Each structure stands twice: as structure tokens, then as C-alpha cells.
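# Inside the fold
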Amino acid sequence: MQNKAFTLAEVLITLGIIGVVAAMTIPGLIQRTQEKELLNRWIKFHALLKQAILMAEEEYGDVSGWGIKGNMSQKDGITIANNLRSYMKIAIDCGYTNKKRCIPDTKYKLLNGNMWDKYTTTSMHYAIKLPNGSSIWFRGGNSNEIATDEAYITFFIDINGQNLPNTVGKDMFSFKYEKGGLKPCGAPGSALANTCSLDKAGWGCAYTVLQNQNMSYLH
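Notes on the structure follow. (Residues numbered from 1 in each chain as written. Predicted model: local features only at pLDDT ≥ 70, side-chain atom pairs only at ≥ 80, totals over all residues. Heavy atoms only, no water.)

All right, on to the overall build of the protein chain then. Along its length, the protein chain carries four helices and six strands. Listing each helix as α and each strand as β along the protein chain from the N terminus yields α-α-β-β-β-α-β-β-β-α. At 22 Å, the protein chain has a C-alpha radius of gyration far larger than the 17 Å of a compact globule built from 219 residues. With the C-alpha coordinates aligned to their principal axes, the bounding extent of the protein chain is approximately 90 × 35 × 30 Å. Looking at the protein chain as a whole, 44% of its 219 residues are labelled buried. In the protein chain, of all internal contacts separated by at least 6 residues, the share reaching a separation of at least 24 is 57%. Accessible area of the protein chain: about 11,800 Å², with a carbon and sulfur share of 55%. When the 23 basic and 18 acidic side-chain charges of the protein chain are each reduced to a single mean position, those positions are 5 Å apart. (Helix = DSSP H or I, 4+ residues; strand = E, 2+ residues; numbered from the N terminus. Rg over C-alpha atoms; globule rule 2.2 N^0.38 Å. Buried < 20%, exposed > 50% of the residue type's maximum accessible area, 1.4 Å probe, protein only. Contact = heavy atoms within 4.5 Å. Areas by Shrake-Rupley, 256 points an atom, 1.4 Å probe, with all protein chains shown as cover. Lys, Arg positive; Asp, Glu negative; His and termini not counted. Charge placed at Lys NZ, Arg CZ, Asp CG, Glu CD.)

Here it is, written out as C-alpha cells:
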């Protein structure tokens, strides 16, 4: 009986095909796995903060009565931090003086690739860090935000903290306490609606992520 076997050339061709397929598919699988992890952390954090605000309001009353002056002052940020601190698990409370321990010390990018802001150098944002490494910073609303939208607090979160990509709509999102509830930026009718696409700034992706439960806009 004649034994059948693959030739060396056939083996090399097969390995080559496997390598090409792997090179085409594995990066995409890794990216989607990372996106899924960020998505889950963002959804969990949104629920955590929403609950923290509700519990703080039970003790201190509605946010509109917290004495937020509408000038984005450090006093406003301290008031917000004091009222929320008891209802959130905080690993590091950086406040205003040591923000580099809590926030990436780099300029963030917008979803369209343009450079944005470096939050460690601003004077209006209070910073904290969660046990899972997520970075959070917030400020009181300005007088126009409060007068037009009753937006008393603006929150920012970098889901994976110091790790890349440090980009709005990828790992950094924003939302506001507005008109009696926590609202992700980009809700229909808001100024940031329809901004969640690769050719836009990406601020509206906070709403898109929670609404669709995915980050398909990245593809």
C-alpha cells in the first residue's frame, strides 16, 4: 500500500494561508474584545454614578439646591465631591492639586483625530480615580448651561484611565446632570446630538453607546 503524505510545498502553502487569514482576522477580534470591555465598564459606571446621585439627593436634596453658583468654580467642584463621595468607591481623591495621579497628563483626541484638551492643567475640574483605574473629573455648570438646560454638573470619564487611546468616543465620554437626571451627551435634541461618527468630534457617543449597547460607529 502506498502511504499518502503532504509535500513540503503543500505544508508551506497551507501555513502561509493560515498566517494570512490570522493576520486579517486576529487584530479585528482583539479590537472588538477591547471595545466590549470598555463598553461594559462604561455601562456599569453610568449606572453607578446615577445611583450615587440619587442617594446623595436623598440626603442633600435635588442637585439644583446644592448651591452650585454657575461659575465653574473650585468651590462648586468641592461641593459636588463632598455630596457624592460617600456613595462612590474612590481609590484616589486628587481634587484640584494633584490631578496627574487621577487623569492622564496628555492632550485628548477627538474622534475625528483632531487634538482637544489637557485636563490636568485646567483649574475648573475636580478629579478622582476609581479602584478599577477609571479616571473621572467634573465641574459645576456655567451660568448659561444652568439657565438654558438646568445642567448643573458636567462629568467626564476615561474608562481605562492612564491607558491609550485617550480619545473622545473611544475610552473617554461625557455626560451632564441636567433637568432632574443624569443624561449622556448626545441625546436627541441636545447641542451634541449627531456628533458620534468618525468624521465628528465624538462627544455624542456617550448617548449612542448606551442606546445601542455597542461601539459599531468605530467601524
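Continuing now.
Membership of the largest hydrophobic core comes to 40 residues, with the highest contact counts inside it found for W42, I153, F155 and F173. Only helix 1 (8-60), helix 2 (74-84), strand 2 (126-129), strand 3 (135-140), strand 4 (151-158), strand 5 (172-178) and helix 4 (205-212) provide two or more residues apiece to this core. Among the elements that make up this core, the one with the highest residue count is helix 1 (eight residues). Residues contacting W42, with those up to four places away along its chain left out, are I157, I159, F173, F175, A206, V209 and L210. Listed in part, the 13 residues of the second largest apolar core include Y108, W137, F156 and W203. (Core = buried A, V, L, I, M, F, W, Y, C linked by side-chain atoms within 4.5 Å.)

Enumeration over the complete set of coordinates arrives at five salt bridges. By sharing partners, the salt bridges in this structure join K100, D105 and K118 into a single network. (Salt bridge = Lys/Arg side-chain N within 4 Å of Asp/Glu carboxyl O.)

Here we take up the sheet that holds strand 6 (residues 181-184). Taking strand neighbours across the sheet as the criterion, the six strands line up as 1-2-3-4-5-6 in an open arrangement whose pairing is antiparallel. Of all the strands in the sheet, just strand 1 (92-95) and strand 6 have a single pairing partner and so form its edges. Averaged over neighbouring strand pairs, the angle between their axes works out to 20 degrees when direction is ignored. In this structure, strand 5 lies alongside strand 6, joined through four bridges in antiparallel fashion. Residue pairing in the sheet places E178 in a bridge with G181 of strand 6. Strands in contact with helix 2 are strand 2, strand 3 and strand 4; relative to strand 3, the strand with the most contacts, it is inclined by about 125 degrees. Contacts between helix 4 and the sheet are confined to strand 5 and strand 6, with strand 5 contributing the most and set at about 90 degrees to the helix. (Pairing = 2+ DSSP bridges. Axes fitted to C-alpha atoms, helices over the stretch in contact; angles between N-to-C directions.)

This next bit is on the packing of aromatic side chains. With the rule as written, the count across this model stands at 14 aromatic pairs. For the ring pair W42 and F173, a centre distance of 4.9 Å and an interplane angle of 15 degrees mean the geometry is stacked. Here the residue W42 occupies a position in helix 1, and F173 occupies one in strand 5, the gap between them amounting to 131 residues. Taking relative accessible area as the criterion, F173 reaches 2% and is therefore assigned buried. When the centroid spacing of 5.1 Å and the interplanar angle of 45 degrees are considered together, the rings of Y119 and W137 count as tilted. Placement of Y119 in the loop between strand 1 and strand 2 and of W137 in strand 3 is noted, with a sequence separation of 18 residues between them. By the burial criterion, Y119 is buried, and W137 matches it. Among the aromatic residues, ring-to-ring pairing joins W42, F45, Y96, Y126, F138, F155, F173 and F175 into one connected group. (Phe/Tyr/Trp six-rings, centres within 6.5 Å; stacked < 30°, edge-to-face > 60°.)

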